[in-house]
Amino acid sequence: MKQIKDMSRRERKVFEACYNGWYLSGEYRAVFFGHERRFEADSIRQLCKDVEAWFASHAEHHADDILLVKMHKAA
């Protein structure tokens with residue numbers, strides 16, 4: 001994982017959303033601007049990678065929207 005100072009604005013937004021919602025392995029829910037997706041993750045690194053790839057596909061139109069990532073169900 002990159003150092004925070006080397007992250008792009010989008011990467012930092014994803015990292016902060018995942019880090020703030022991380023508790024333990026399980027199912028996580030990411031939401032922004034009416035888009036929602038669930039992710040299975042057993043590490044914060046995996047969660048950040050998966051959410052970043054998903055968020056990047058929408059970033060052109062929604063990069064300024066708030067991204068929320070929270071645990072949905074523990075493993």
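K.L.:
Where do I start with the sheet that holds strand 2 (residues 35-41) in this structure?
P.N.:
Pairing is antiparallel in the open sheet, where three strands are placed in the order 2-1-3. Both edges of this open sheet fall to strand 2 and strand 3 (68-74), since each of them pairs with a single strand only. In this sheet, neighbouring strand axes are inclined to one another by 25° on average, regardless of whether the strands run parallel or antiparallel. As paired elements, strand 1 (residues 26-32) and strand 2 share seven bridges and run antiparallel to each other. The residue bridging A30 from the neighbouring strand is R37, located in strand 2. Along the sheet, helix 1 (residues 9-21) makes contact with strand 1 and strand 3, crossing strand 3 at roughly 35°. Against the sheet, helix 2 (residues 44-56) makes contact with strand 1, strand 2 and strand 3, and its axis sits at roughly 155° relative to strand 2, the strand it touches most.

K.L.:
Just to check I follow, could you spell out the state of the cysteines for this structure?
P.N.:
One covalent bond between the sulfur atoms of two cysteine residues makes up a disulfide. Within the structure shown, the criterion is met by zero disulfides. This cysteine, C48, is not joined by any disulfide, and C18 carries the nearest cysteine sulfur, 3.9 Å off. On the basis of relative accessibility, which here comes to 7%, the residue C48 falls in the buried class.

K.L.:
Help me understand the pattern of salt bridges, please; the structure alone is not making it clear to me.
P.N.:
A side chain with one charge can pair with a side chain of the opposite charge if their charged atoms come near. In this structure the tally under the stated criterion is four salt bridges. Between R10 and E52 there is a salt bridge, with its nearest N and O atoms 2.6 Å apart. Separated by 42 residues along the polypeptide, R10 in helix 1 and E52 in helix 2 bring together distant segments of the chain. In this structure R10 comes out as partly exposed when scored by relative accessible area, which is 31%. Since its relative accessible area comes to 18%, E52 is described here as buried. With a closest N to O distance of 3.2 Å, R29 and E36 form a salt bridge. Judged by its relative accessible area of 34%, R29 is partly exposed. Several salt bridges share partner residues, and in doing so they unite E27, R29, E36 and R38 into one network.

Cut-off values and rules
- Throughout this description, residue numbers start from 1 for each chain and increase along the sequence as written.
- Predicted model: local features are reported for residues with pLDDT of at least 70 only, side-chain atom pairs are reported and counted for 80 or more only, and whole-chain, interface and lining totals are derived from all residues.
- Processing note: side-chain calculations cover all non-hydrogen atoms of the structure and skip hydrogens and water entirely.
- Here the rule is simple: two strands pair whenever DSSP picks up at least two bridges between them.
- Numbered from the N terminus, helices here are DSSP runs of H or I no shorter than four residues, and strands are runs of E no shorter than two.
- Axis definition: a line fitted to C-alpha atoms, over the contacting stretch in the case of helices. Angles run 0 to 180 degrees between N-to-C directions.
- Contact criterion: two residues are considered in contact whenever any of their non-hydrogen atoms come within 4.5 Å of each other.
- Cysteine sulfur atoms are paired as a disulfide whenever they come within 2.5 Å of each other.
- When accessible area is computed with a 1.4 Å probe and restricted to protein chains, residues below 20% of their type maximum are described as buried, those above 50% as exposed, and intermediate ones as partly exposed.
- By salt bridge we mean one thing: a side-chain nitrogen of Lys or Arg within 4 Å of a carboxyl oxygen of Asp or Glu.

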